[in-house]
Amino acid sequence: MHKQLMKGNEAVVRAAILAGCRGFYGYPITPASEITETAAELMPKAGGVFLQAESEVAAINMLYGASSAGVRCMTASSGPGISLMQEGVSYMAGAELPCVIADITRGGPGLGNLGSEQSDYHQVVKGGGNGSYKTIVLAPHSAQEMADLTALAFELADKYRTPVYLMADGFIGQMMEPVEFPQAAVAPKTPEWAVAGTRETRGNLITSLFMDNDELEQRLIRLQAKYAQAEREETRSESFYSEDAEIVLVGYGIVGRILKAVTMEARAMGLPVGLLRPITLFPFPKLEVARHAKHAKAFVVVEMSNGQMIEDVRLAVNGARPVEFVNRMGGNVPTREQIMEVVLRLVMEHNVRRSETAEEARLAHV
Amino acid sequence: MATATATPTPKVNRIGLPILEYRGGKSTLCAGCGHNAISERIIDALYEMGVEPERVMKMSGIGCSSKSPAYFLSRSHSFNSVHGRMAAVSTGAVLANQQLLTLGVSGDGDTASIGTGGFVHLMRRNLPMIYIIENNGVYGLTKGQFSATADIGSKLKTGVINDLPPIDTCSLAIQLGATFVGRSFSGDKKQLLAMLKAAIAHKGTVLLDVISPCVTFNDHEGSTKSYKFMQEKDEPINEVGFVPSFEEIDVDYDSGEIRDITMHDGSSLRLRKLHEDFDPTDKINSVRTLMESHEKGEVLTGVFYIETGKPTFIDLLNIVDEPLGQQLESATKPTREIFDKLMNNLK
Ligand SMILES: Cc1ncc(C[n+]2csc(CCOP(=O)(O)OP(=O)(O)O)c2C)c(N)n1
Ligand code: SF4
Ligand SMILES: [Mg+2]
């Protein structure tokens, strides 16, 4: 298939339909409405259902129903709407039901603003509802990844029978980039655990309720085993000039794009700087972070929040190296200069070696 | 020869304030948006009624409509709350301070979908407040998706047609227990102003559903919430007049056609009959009339239901008159004697 120029938000819906998604239940909210609007247009054409729910609470519970019946389904929202969905996500995680939730983040807390922030990390990655559960979270940094990771989200949701988030920000949703889709579409089929209204599936029980303590504990142990398996098999990250880096930048989503520019600038100056970009936020690439700690002298975590992912980086580094933090909030974006300033300070403080000439560095690394 | 140009003294209302004191910030809504006209009428009503601006608590949810309290009554207290939660937040605020006049502005999206749960419970509690829905049939702020008050057959600019029945917030409110319910149109200055003034005089929940066209997303051919549609289909059920308690009632009218209703503060709501057999104090009759109007494709406006004298939620809760946050310690702190007695009882 040829590459088409499109917005990340549109790529999500096209990829979802190709992945066999046939149910979209949403409620308008900026900056996620575009996904909902594209779904309103395309889902019926693909023979699926689009419904504008009366609230986010309703939308997530519609997924609860649709997913129980074995339909691949999704919703899209943003900060305040995601908060409202947390109850449903908790139920679905408990009942082991797959679904895909696109969170196109905005500023918070509360109404915040419409600017891009990464402050949903805690409520999305750490399981914002009640109970001992986790959700898989994928963090694209381009329109192409919006498509690829949407497809992956449906795969993982089914494989692990769990809600999966696609967490991006308004920039990536709005950005027009060439996008290529898979050659073949996934044909929707009903999983055998679903309650599909057939004789065979009549006995299937989907529930998050276990009145017996031991029975609930068994379910929870099984959930934890699934999360452990996801950590082993699904962790993804991108290493960008980071294998020999002495200063390792860590950032996801749109920040990853900025950090690539910072990395190139630093490399052009002959500085061994690299980027480790988490693509899965849960499972978090903690082994990768730990591996980088062996050759890094310091880490710089950059986030558009008060510092949420940095907690996971610190846990992975486990005190072995200093972890610096650079951030902006309120919809502001960290600048290259702001990050460079910290990088240059760390270069001094940690006696980071600098290649003889920038030219040499370029030859060595590019 | 020098002429002394005396600055004319500005016109003031009965508490000595010029209308300027009732204005708000400059509107950031689209020019021509119905919500702007409603803000103007709110200003006029409070000015003419001589309400002290500081005595007003403005509540709202989230939406273009919910932004509008910023554009009237800068001198009042304002609470721009949560999408769909104006009812609940207002309940908390009104119970905390029942001495203020509470005026809430919500939208059809804010009220009739995400906020329905809170809305119906506010109505059944008869909490004393004015609840205005600026109804344009769409979610203006998120770029014009249909709301739950959109009529069957109404068309969006994109060509999408709504095929679900609208929620009639007025008949809902009447059924649930609101005590003053009516519908108006942002373009009908006279009717809206009279209804707002009566609303200020009422004690209990007032629900005013005001059709307020969204010029950007829902004012085209095919829309049932456009200016044009309203000009054609607006069907007043009664002519609404209001005589405040501080004005003389002029007796020059044909009493057979007019129903005079004495409000809590002694004002008079005067409804001139325009439809045979319509009685705004008969719930069942009102709801039936509203349902029949849907069948006929008319947009009924006017006062649909009024019930004076029903206990409000404040009466039922039997709470003290003073704001809860402003109670004097002398009133809330038990004396040593009472405290000791209480402790002894617990022994
Ligand atoms: C929980 C939540 N979901 C969605 C939104 C996005 N949102 C803001 S206003 C609005 C609808 C507004 O419609 P309405 O109340 O009719 O007001 P209008 O703009 O038409 O005046 C929506 C969906 C939000 N702010 N919070
Ligand atoms: S978008 Fe519509 S509702 Fe919002 S301000 Fe403009 S005209 Fe009014
Ligand atoms: Mg509206």
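Just so you know, these numbers come straight off a predicted model, no measurement behind them. Every chain's residues receive numbers from 1 upward, in the order its sequence appears when written. Whichever chain is written first becomes A and whichever ligand is written first becomes 1, with later ones labelled in order. Totals for whole chains, interfaces and linings use every residue, but because this is a predicted model, local features are given only for residues with pLDDT of at least 70 and side-chain atom pairs only at 80 or more, for both listing and counting.

**Examining the overall build of chain B**
Where helices and strands are cited, they refer to DSSP runs of H or I of at least four residues and of E of at least two residues respectively, numbered from the N terminus. Across its full length, chain B carries 12 helices and 13 strands. The globule rule puts the C-alpha radius of gyration for 347 residues at 20 Å, and the 22 Å found for chain B is close to it. Along the longest, intermediate and shortest principal axes, the C-alpha atoms of chain B span 75 × 75 × 45 Å. Think of it as a crowd count around each C-beta: if 20 or more other C-beta atoms lie within 10 Å the residue is buried, if 12 or fewer it is exposed, and in between it is partly exposed, with C-beta placed from the backbone throughout. For chain B, the residues scored as buried account for 46% of the 347 residues in total. Here the contact rule is simple: place C-beta atoms from the backbone, and any two residues whose C-beta atoms are within 7 Å are in contact. Partitioning the contacts of chain B with sequence separation of at least 6, the portion at a separation of at least 24 is 73%. Within these notes, the globule rule equals 2.2 Å times the number of residues to the 0.38 power, and the radius of gyration is based on C-alpha atoms.

**Looking at the environment of Met211 of chain A**
All names here are of chain A. For Met211, the location among the structural elements is in the loop between β8 (176-179) and α8 (213-234). On the basis of neighbour count, Met211 is assigned to the exposed category, with 6 C-beta atoms found within 10 Å. Each C-alpha atom of the pair Met211 and Gln229 lies 27 Å from the other, and the pair is 18 residues apart in sequence.

**Here we look at unusual backbone geometry**
That bond from Thr30 of chain A to Pro31 of chain A is cis: its omega, 5°, falls within 30 degrees of zero. Within the secondary structure, Pro31 of chain A is located in the loop between β2 (23-26) and α2 (33-45). Residue Leu73 of chain B is not a glycine yet carries a positive backbone phi of 50°. Relative to the helices and strands, Leu73 of chain B resides in the loop between α2 (64-67) and β2 (77-80).

**Here's the deal with the domain arrangement of chain A**
Residue and element names in this part refer to chain A. As assigned here, chain A comprises domain 1 (4-234) and domain 2 (238-365). Delimitation of the domains relies on an automatic or database domain assignment. Between domain 1 and domain 2, the C-alpha centre-to-centre distance is 30 Å. Contact residues are listed per partner, giving 25 residues for domain 1 and 21 residues for domain 2. Classification used: nonpolar for Ala, Val, Leu, Ile, Met, Phe, Trp, Tyr, Cys and Pro, charged for Asp, Glu, Lys and Arg, polar for all others including Gly. Across the side of domain 1 that touches domain 2, the residue classes tally to 11 nonpolar, nine polar and five charged.

**Side note on the nonpolar core**
Residues of type Ala, Val, Leu, Ile, Met, Phe, Trp, Tyr and Cys that are buried and joined through C-beta atoms within 7 Å form what is called a nonpolar core. In terms of nonpolar packing, the biggest core is built from 115 residues, with Val100, Leu138, Ile247 and Val300 of chain A touching the most fellow members. The element contributing the most residues to this core is helix α6 (residues 143-160) of chain A, with 11 residues. The residues that make up this core include at least three from each of domain 1 (4-234) and domain 2 (238-365) of chain A. Not counting the four nearest positions on each side in its chain, Leu138 of chain A is found in contact with Leu149, Leu152, Ala153, Val164, Tyr165, Leu166, Ile279 and Thr280 of chain A. Listed in part, the 68 residues of the second largest apolar core include Ala37, Ile43, Phe72 and Phe185 of chain B.

**Let's talk about the sheet that holds strand β5 (residues 99-105) of chain A**
Residues and elements named next belong to chain A. Only when DSSP finds a minimum of two bridges between them are two strands counted as paired. Taken in spatial order, the seven strands line up as β3-β2-β4-β5-β7-β6-β12 in an open sheet, and their pairing is mixed. Either end of the sheet is taken by a strand with one partner, and the two such strands are β3 (49-52) and β12 (280-282). The average angle at which neighbouring strand axes cross in this sheet is 20°, direction not considered. Where strand β4 (residues 73-77) lies against β5, four bridges are found, and the strand directions are parallel. By the bridge assignment, Met74 is partnered in β5 with Val100. Fitted lines through C-alpha atoms give the axes, limited to the stretch in contact for helices. The angle between two N-to-C directions lies from 0 to 180 degrees. Of the strands in this sheet, β4, β5 and β7 (163-169) are in contact with helix α4 (residues 79-94), which crosses β5 at around 160°.

**Examining the site of ligand 1**
With respect to spatial proximity, 25 residues lie near ligand 1, and among them Gly63, Gly107, Gly109, Asp110 and Gly140 of chain B are the closest. Near, as applied to residues and a molecule or strand, means the residue's backbone-placed C-beta atom lies within 6 Å of it. Close to ligand 1, residues of chains A and B are found. Elements that contribute at least two residues to the shell around ligand 1 include exactly α4 of chain A together with α2, α4 (108-112) and β5 (138-139) of chain B. Along the lines of polarity and charge, the residues of the shell around ligand 1 split into 11 nonpolar, 10 polar and four charged.

**A short note on the site of ligand 2**
Taken together, the residues surrounding ligand 2 are Leu29, Cys30, Cys33, His35, Cys64, Asn136, Gly140, Leu141, Cys214, Val215, Thr216 and Phe217 of chain B. Considered class by class, the residues forming the shell around ligand 2 number eight nonpolar, four polar and no charged.

**Considerations on the sheet that holds β2 of chain B**
Residues and elements named next belong to chain B. In spatial order, the strands read β2-β1-β3-β4-β8-β7-β13-β9; together these eight strands make up an open sheet with mixed pairing. Of all the strands in the sheet, just β2 and β9 (234-236) have a single pairing partner and so form its edges. Going across the sheet, the axis of each strand differs from the next one's by a mean of 20°, ignoring polarity. In this sheet, β2 lies alongside strand β1 (residues 56-60) in parallel orientation, the contact comprising four bridges. From the neighbouring strand, Ser60 faces β2, where its bridge partner is Asn80. Sheet strands in contact with helix α9 (residues 283-296) are β9 and β13 (299-306), and its direction is about 170° off that of β13.

**Focus on the interface of chain A and chain B**
In this assembly, nine residues from chain A lie in contact with 11 residues from chain B. When grouped by side-chain class, the residues that make up the side of chain A that touches chain B number four nonpolar, four polar and one charged.

**A short note on the packing of helix α6 (residues 169-176) of chain B against α9 of chain B**
Residue and element names in this part refer to chain B. Contact pair α6 / α9: the axes reach a minimum separation of 10 Å and the direction vectors enclose 165°. Accordingly, the angle class assigned to the pair α6 and α9 is roughly antiparallel. In this structure, α6 meets α9 at a crossing whose hand is left-handed. Every residue of α9 that contacts α6 at Cys170, Ser171, Ile174 and Gln175 is listed here: Lys283, Ser286, Val287, Leu290 and Met291. Here the contact of α6 with α9 is built from residues that sort into five nonpolar, three polar and one charged. Angle categories: roughly parallel below 35 degrees, roughly antiparallel above 145, roughly perpendicular from 65 to 115, and oblique for all the rest. Handedness of a crossing is defined here by the sense of rotation of the near helix relative to the far one, left-handed for an anticlockwise turn of less than a right angle and right-handed for a clockwise turn.

**Topic: the pairing of strand β3 (residues 101-107) of chain B**
Residues and elements named next belong to chain B. Among the seven residues that make up β3, six are buried, leaving the element largely enclosed by the rest of the structure. Where β1 and β3 come together, five bridges link them in parallel fashion. Pairing of Ser60 across the sheet is with Val105, part of β3. In terms of strand pairing, β3 meets strand β4 (residues 129-135) through five bridges, oriented parallel. Opposite Gly104, over in β4, you have Tyr131 as the bridge partner.

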